[in-house]
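Structural description and commentary
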Protein chains: 2
Amino acid sequence: MAVINSPTNFRVLQWAKLKQKIQRDKSKQFIAEGYHCLAEASKANCLLETISTESGAPFGVSHHQVSYDVLAKLSSMATPAKMLGICKMQPARSPGEKILLIDQVHHPGNLGTIIRNGVAFCVDTIVTHASVDIYNPKVVQASQGMVFHLNIMKKPLRDYITEIKAQGYQIIGTDVRDGMPLQKARAASKHALLLGSEGDGVGEDLLSLCDIKVHIPMHPLCESLNVGVAAGILLYGLRREC
Amino acid sequence: MAVINSPTNFRVLQWAKLKQKIQRDKSKQFIAEGYHCLAEASKANCLLETISTESGAPFGVSHHQVSYDVLAKLSSMATPAKMLGICKMQPARSPGEKILLIDQVHHPGNLGTIIRNGVAFCVDTIVTHASVDIYNPKVVQASQGMVFHLNIMKKPLRDYITEIKAQGYQIIGTDVRDGMPLQKARAASKHALLLGSEGDGVGEDLLSLCDIKVHIPMHPLCESLNVGVAAGILLYGLRREC
């Protein structure tokens, strides 16, 4: 197959559109970067096409050999990965037993880390609202491709919390002021953990809907943890066998 | 006091040298960025001078008003913080009861996050080897200024582990292959937790010196956690009252 050398090639322009959220939402497709991420996409049957400066189709899907300039145009990283992939979003399925609710997490690295933690600790579904787009290439990369293994929804959290409470889910909020220490908290078999923004944590409006509130005990010199780290500790502390 | 407008001003050139590790090591000084970091430096009596585009000396130390160009020259961030500070390194003191040993952690954000976790979970001393410089401005910033609240040493870990083992410290290594599950591990009152590189974890040579080895149980789909997250979970799991 011919090498695509021109950054203005029709196909390249179509792929490059996926760097924009609006186009990802419309096409239900997104870009993943790096061999490791694409291997996870392939495992989850989400990989549609691969793109690199080399020939060969390591994942058995349609492969396009391109110039470095084309690769750089499609990449969102300072140094493009050697291989990119076009991936499809999966339709949302039923939420399972363990849900992560994410409100206003804006840093791609933090959301990616939270997703990676989610898979490590057997989360079934992640629901985001007013956060960085979960299909942003930097989120996908920071998740180390774990985004392909979660059920993903985007919706306003107030209504969704009300809906799942009615279905018997326990809602666990994080509150540094009057939460119980994490080691005392017990998660129900069906539960949703609610995490808020990097700066302000979970807002009062959502906290008021929580069944229990927890905090991670820490030395007073340290005001807070990074939200990705806090997510990891909370999921570890609340884990059940899985 | 006159505003310093020129990026080639003698004083500016002296400060800018602190962006290099070799100069930091020589002068025992380093740059911290942002009001929050400087507040922590001030609490720890490490703040020597402040620099910003505004007048006023909010921390009661010598203050220099500079142009934006000068500030940008001194900053290591894509967008410079509004205020920078020149800080002094503190001499190493005795290590206390809880030590964190860091081998080959290369990403500034990860080392900064580990430091922040360290203060949160009452670590006394951090010892780094073959890692990104702990006084790198990006590490200092990612630590949220918590670097000012730890006793810091840099030294080869093999010899240091041998030394503290002889002093009765329990050495706890992390090993995804044959470590015990974290929830079963018990830390002695005097202990050192050993963390290895982002890609490869702790090397065999150091692991062989450990008294116990632990791992964080996780779903097989997820190969590993971010090292900053892993540090947080391990410190939480091994914590004692502090």
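Residues numbered from 1 in each chain as written. Chains lettered and ligands numbered in written order. Predicted model: local features only at pLDDT ≥ 70, side-chain atom pairs only at ≥ 80, totals over all residues. Heavy atoms only, no water.

Before going further, it helps to examine the environment of Pro91 of chain B. Here Pro91 of chain B shows up in the loop between β4 (83–88) and β5 (98–103). Along the chain, Pro91 of chain B and Lys28 of chain B lie 63 residues apart, while their C-alpha atoms are 9.2 Å from each other. (Helix = DSSP H or I, 4+ residues; strand = E, 2+ residues; numbered from the N terminus.)

With that settled, the discussion passes to the sheet that holds strand β8 (residues 170–174) of chain B. Residues and elements named next belong to chain B. A sheet is described by the order of its strands in space; here seven strands give the open sequence β7-β6-β5-β10-β8-β11-β9, paired in parallel fashion. With partners counted over all chains shown, the strands left at the sheet margins are β7 (151–154) and β9 (180–181), one partner each. Across two bridges, β9 lies against strand β11 (residues 212–215) in parallel orientation. By the bridge assignment for β11, Pro181 is matched with His215. (Pairing = 2+ DSSP bridges.)

Okay, the interface of chain A and chain B next. It is common to report an interface's size as the accessible area lost on association of the parts. Across the boundary between the two partners, chain A contributes 29 residues, which contact 29 residues of chain B. At the junction of chain A with chain B, the criterion picks out zero salt bridges. For the interface between chain A and chain B, the tally reads eight residue pairs in polar contact (both at pLDDT 80 or more). Elements with a contribution of two residues or more to the side of chain A that touches chain B: α3 (35–43), α5 (108–120) and α9 (227–237) of chain A. For the side of chain A that touches chain B, a count of residues per class yields 15 nonpolar, ten polar and four charged. (Contact = heavy atoms within 4.5 Å. Salt bridge = Lys/Arg side-chain N within 4 Å of Asp/Glu carboxyl O. Polar contact = N/O pair within 3.5 Å; in protein donor to acceptor, adjacent residues only side chain to side chain. Nonpolar A, V, L, I, M, F, W, Y, C, P; charged D, E, K, R; others polar.)

By the definition in use, this model includes eight aromatic pairs over all chains. With a centroid separation of 5.0 Å and 35° between ring planes, the pair formed by Tyr35 of chain A and Phe59 of chain A is classed as tilted. Taken together, the residues span a long stretch of sequence, with Tyr35 of chain A in helix α3 and Phe59 of chain A in the loop between β2 (47–52) and β3 (62–65) at a distance of 24 residues. A residue is classified by how much of its surface remains accessible, and Tyr35 of chain A, at 52% relative accessible area, is exposed. With a relative accessible area of 16%, Phe59 of chain A lands in the buried category. Against the face of Tyr169 of chain B rests Lys190 of chain B, its NZ or CZ located 4.8 Å from the ring centre. (Phe/Tyr/Trp six-rings, centres within 6.5 Å; stacked < 30°, edge-to-face > 60°. Buried < 20%, exposed > 50% of the residue type's maximum accessible area, 1.4 Å probe, protein only. Lys NZ or Arg CZ within 6 Å of the ring centre and 35° of its normal.)

Right, let's talk about the state of the cysteines for a bit. Scanning the entire structure with this criterion turns up zero disulfides over all chains. Take Cys87 of chain A: it sits in no disulfide, and the sulfur closest to it among the cysteines is that of Cys46 of chain A, at 7.0 Å. Not engaged in a disulfide, the cysteine Cys222 of chain A finds its nearest cysteine sulfur in Cys122 of chain B; these two sulfurs lie 9.8 Å apart. (Disulfide = S-S within 2.5 Å.)

Before going further, it helps to examine unusual backbone geometry. Residue and element names in this part refer to chain B. Even without a glycine there, the phi angle at Lys28 is positive, about 60°. Its place among the elements puts Lys28 in the loop between α2 (21–27) and β1 (29–33). For Lys28, a relative accessible area of 48% translates into the label partly exposed. In this structure, Asn45 is a non-glycine residue whose phi angle is positive, near 55°. As for its placement among the helices and strands, Asn45 is situated in the loop between α3 (35–43) and β2 (47–52). The exposed category is assigned to Asn45, whose relative accessible area is 61%.

Residues and elements named next belong to chain B. Within the open sheet, the four strands sit side by side as β1-β4-β2-β3. Their pairing is mixed. Two strands close off the open sheet at either side, each with one partner strand: β1 and β3 (62–65). Taking the axes of each pair of neighbouring strands and ignoring which way they run, one obtains an average angle of 20° across the sheet. Note that β2 and β3 share four bridges and pair parallel. Counted as the bridge partner of Ile51 is His64 from β3. (Axes fitted to C-alpha atoms, helices over the stretch in contact; angles between N-to-C directions.)

Before going further, it helps to examine the relation of the copies chain A and chain B. Each copy superposes on the other: chain A lies on chain B with an RMSD of 0.0 Å after a rotation of 180° and an axial shift of 0.0 Å. Taken together, the rotation and translation relating the two chain copies correspond to the operation of a two-fold axis. A share of 100% of interface residues in chain A that are also interface residues in chain B marks the association as one of identical surfaces. (Least-squares fit on C-alpha atoms with pLDDT ≥ 70 in both.)

What follows covers the side chain of Glu33 of chain A. Residue and element names in this part refer to chain A. Along the chain, Glu33 falls in strand β1 (residues 29–33). At 6.8 Å, Lys19 is the nearest oppositely charged side chain to Glu33, a buried residue that forms no salt bridge. Of the polar contacts made by the side chain of Glu33, one reaches the side chain of Ser75; its length is 2.8 Å. Side-chain polar atoms of Glu33 contact the backbone nitrogen of Ser76, separated by 2.8 Å. Here Glu33 is in contact with Leu74, Ser75, Ser76, Met77, Ala81, Met83, Leu84, Pro137 and Gln141, once residues within four sequence places are set aside. (Lys, Arg positive; Asp, Glu negative; His and termini not counted.)

With that settled, consider the pairing of β2 of chain B. Residues and elements named next belong to chain B. With five of six residues buried, β2 lies mostly within the body of the structure. Strand direction decides the pairing type here: β2 and β4, joined by five bridges, are antiparallel. Across the sheet, residue Thr50 finds its bridge partner in β4, namely Gly85.

The subject of this paragraph is the pattern of salt bridges. Within the structure shown, the criterion is met by 14 salt bridges over all chains. One salt bridge connects Lys154 of chain B with Asp25 of chain B, and the closest N-O pair in it is separated by 3.8 Å. Of this pair, Lys154 of chain B sits in strand β7 while Asp25 of chain B sits in helix α2, and the two are 129 residues apart along the sequence. Overlapping salt bridges, with partners in common, bring together Lys21, Arg24, Asp25, Asp133 and Lys154 of chain A in one network.

None of the figures reported here should be taken as evidence of function without further support.
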